[in-house]
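# Chain and residue survey
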Amino acid sequence: MDLGSVQLELRDVTRKCIAILGIRGSGKSNTAKVTAQELIREGVPVVVVDPDGEYTNLQAKVRNNFSVSPLSLASSVLGEGESVVLDMNEWNQEAFKFLLDFMTSLWELSKVYSRDVFILLEEAHEFIPQGERTELSDALTRIALRGRKRGLGMILVSQRSAKVNKDVLTQSEIYFLHKVVHPIDIKVYKEILPIKSREVEATVKTLRTGEAIFYRDGAFKTVKIRKFEPDTLIPVVETKEELKV
Ligand SMILES: Nc1ncnc2c1ncn2[C@@H]1O[C@H](COP(=O)(O)OP(=O)(O)OP(=O)(O)O)[C@@H](O)[C@H]1O
């Protein structure tokens, strides 16, 4: 997987929890998109929970109609390897209910199917907040913490590191830590990285757009992520009609 100045083996990434953090404009959505693009290119389906309609240029079906059957969508992902962008622009009850039913179906069906799948959660603090539990946050936390055995990996993206559920965040295995400035967010980085506080502060200060501290298996380095370019070979399919069950 070519992410820019960092190359990863698919086997080192699948079934893992990846956290991508940083302030607005630090390049975290770009990093998330490049990661999703590489996974899709490698044949691993990605389900993007996209509150701001930022991911519509991936090779994935865009769905903004939540009258679709969550169960049949989950079986398309696990059975046929369909990548999907759930455009959550509406933020209404219907969309949240759909998300809960979909995640529950995905969890249940992943017992039966052997395919590896990633869930990419933009604005992760909205769905799995620190100090607050909902049915949806429980379903997502279960996938993040126990999905490995069922082939489920997760990519958490957030500009509010301190507001993301700590259990999930600290159990992530791969981190892309883009620039943050708020002391509360720097504190989270200090908790994640096994280096002196002063060193964390000094390194974070130097990060420019698209650069991140890449941390995995106790080792870290500063990396530059490539700029996302949409794939042009296969046309992007936009699906706005109902899925027939
Ligand atoms: N690695 C990169 N190389 C070149 N440009 C980049 C890179 N990463 C991000 N950019 C550019 O910087 C801008 C901000 O990037 P991006 O949207 O990824 O930031 P963000 O941290 O996700 O911000 P937001 O929270 O507002 O979405 C965009 O114009 C993007 O194209």
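Residues numbered from 1 in each chain as written. Predicted model: local features only at pLDDT ≥ 70, side-chain atom pairs only at ≥ 80, totals over all residues.

Under an unreviewed UniProt entry, the name given to the chain is Putative ATPase, and the organism recorded is Metallosphaera yellowstonensis MK1. UniProt annotates the chain under Sequence similarities (unreviewed entry) with the comment "Belongs to the HerA family." (UniProt positions renumbered as here; feature names shortened; annotations may be inferred.)

## Thoughts on the overall build of the chain
Each helix and strand in the chain was counted, giving eight helices and 10 strands. A compact globule built from 245 residues should have a C-alpha radius of gyration of about 18 Å, and the chain, at 17 Å, falls within 12% of that. Overall, the chain is about 55 × 40 × 35 Å in size when its C-alpha atoms are taken along their principal axes. Looking at the chain as a whole, 41% of its 245 residues qualify as buried. Look at the contacts in the chain between residues 6 or more apart in sequence, and 75% of them connect residues 24 or more apart. (Helix = DSSP H or I, 4+ residues; strand = E, 2+ residues; numbered from the N terminus. Rg over C-alpha atoms; globule rule 2.2 N^0.38 Å. Buried ≥ 20, exposed ≤ 12 C-beta atoms within 10 Å, placed from the backbone. Contact = placed C-beta atoms within 7 Å.)

## Things to note about the site of the ligand
Taken together, the neighbourhood of the ligand is formed by 13 residues, with Gly27, Ser29, Asn30, Gly210 and Lys227 sitting nearest. Of the residues contributing to the shell around the ligand, the split by class is one nonpolar, nine polar and three charged. (Near = placed C-beta within 6 Å. Nonpolar A, V, L, I, M, F, W, Y, C, P; charged D, E, K, R; others polar.)

## Digging into the nonpolar core
Among the nonpolar cores identified, the biggest contains 67 residues, and Val48, Leu120, Leu121, Ile155 and Leu156 are the most heavily contacted of them. In contact with Val48, not counting residues within four places along its chain, are Ala36, Tyr55, Leu58, Ala60, Val85, Leu86 and Leu120. (Core = buried A, V, L, I, M, F, W, Y, C linked by C-beta atoms within 7 Å.)

## Some remarks on the packing of helix α7 (residues 183-192) against helix α8 (residues 197-206)
Between α7 and α8, the least distance of the axes is 10 Å, while the angle of their chain directions is 120°. Viewed along their axes, α7 and α8 adopt a mutual orientation that is oblique. Helix-helix and strand crossings are classified by hand; for α7 and α8 the assignment is right-handed. Across the interface between the two elements, Ile186, Tyr189 and Lys190 of α7 pack against Ser197, Val200, Glu201 and Val204 of α8. Taken together, the residues that form the contact of α7 with α8 break down as four nonpolar, one polar and two charged. (Axes fitted to C-alpha atoms, helices over the stretch in contact; angles between N-to-C directions. Parallel < 35°, antiparallel > 145°, perpendicular 65-115°, else oblique. Left-handed = near helix turned anticlockwise from the far one by under 90°.)

## A closer look at the pairing of strand β4 (residues 84-87)
For a regular strand, side chains alternate in direction, first toward one face of the sheet and then toward the other. Across the two faces of β4 the burial is the same, with Val84 and Leu86 and Val85 and Asp87 all buried. Bridging between strand β2 (residues 46-50) and β4 involves four bridges; their strand directions are parallel. The residue bridging Val47 from the neighbouring strand is Val84, located in β4. When strand β3 (residues 61-63) meets β4, the two strands line up parallel, connected through three bridges. Across the sheet, the residue bridging to Val62 is Val85, located in β4. Once the chain exits β3 it traverses helix α2 (residues 70-80) before rejoining the sheet at β4, and the crossover so formed is right-handed. (Pairing = 2+ DSSP bridges. Right-handed = clockwise from strand over helix to strand, strands pointing away.)

## Considering the pairing of strand β5 (residues 117-121)
Extensive coverage of β5 is indicated by the burial of five of its five residues. Covered by surrounding structure in β5 are Val117, Ile119 and Leu121 together with Phe118 and Leu120, the residues of both alternating faces. Relative to β5, β2 runs parallel, the two being bridged by four bridges. Residue pairing across strands places Val48 opposite Leu120, the latter belonging to β5. Bridging between β5 and strand β6 (residues 152-158) involves five bridges; their strand directions are parallel. Along β6, the bridge assignment pairs Ile119 with Met154.

## Focus: the environment of Tyr175
The residue Tyr175 is located in strand β7 (residues 174-177) in this model. Take Tyr175: there are 21 C-beta atoms within 10 Å of it, and that puts it in the buried class.

## Things to note about helix α5 (residues 135-146)
Helix length check: α5, at 12 residues, gives a terminal C-alpha distance of 16 Å against a target of 16 Å (1.5 Å per residue), a fit within 8%. Among the residues of α5, those classed as buried are Ala139, Leu140, Ile143 and Ala144. Along the axis of α5, the buried positions cluster into a sector of 130°, meaning they face one direction only. When the buried face of α5 is taken as reference, the exposed residues oriented beyond 90 degrees from it are Glu135 and Arg146. On its buried face, α5 is in contact with β1 (17-21), α3 (93-109), β5, α4 (124-127), β6 and α6 (166-170). (Expected span 1.5 Å × (residues − 1). Arc of directions from axis to C-beta.)

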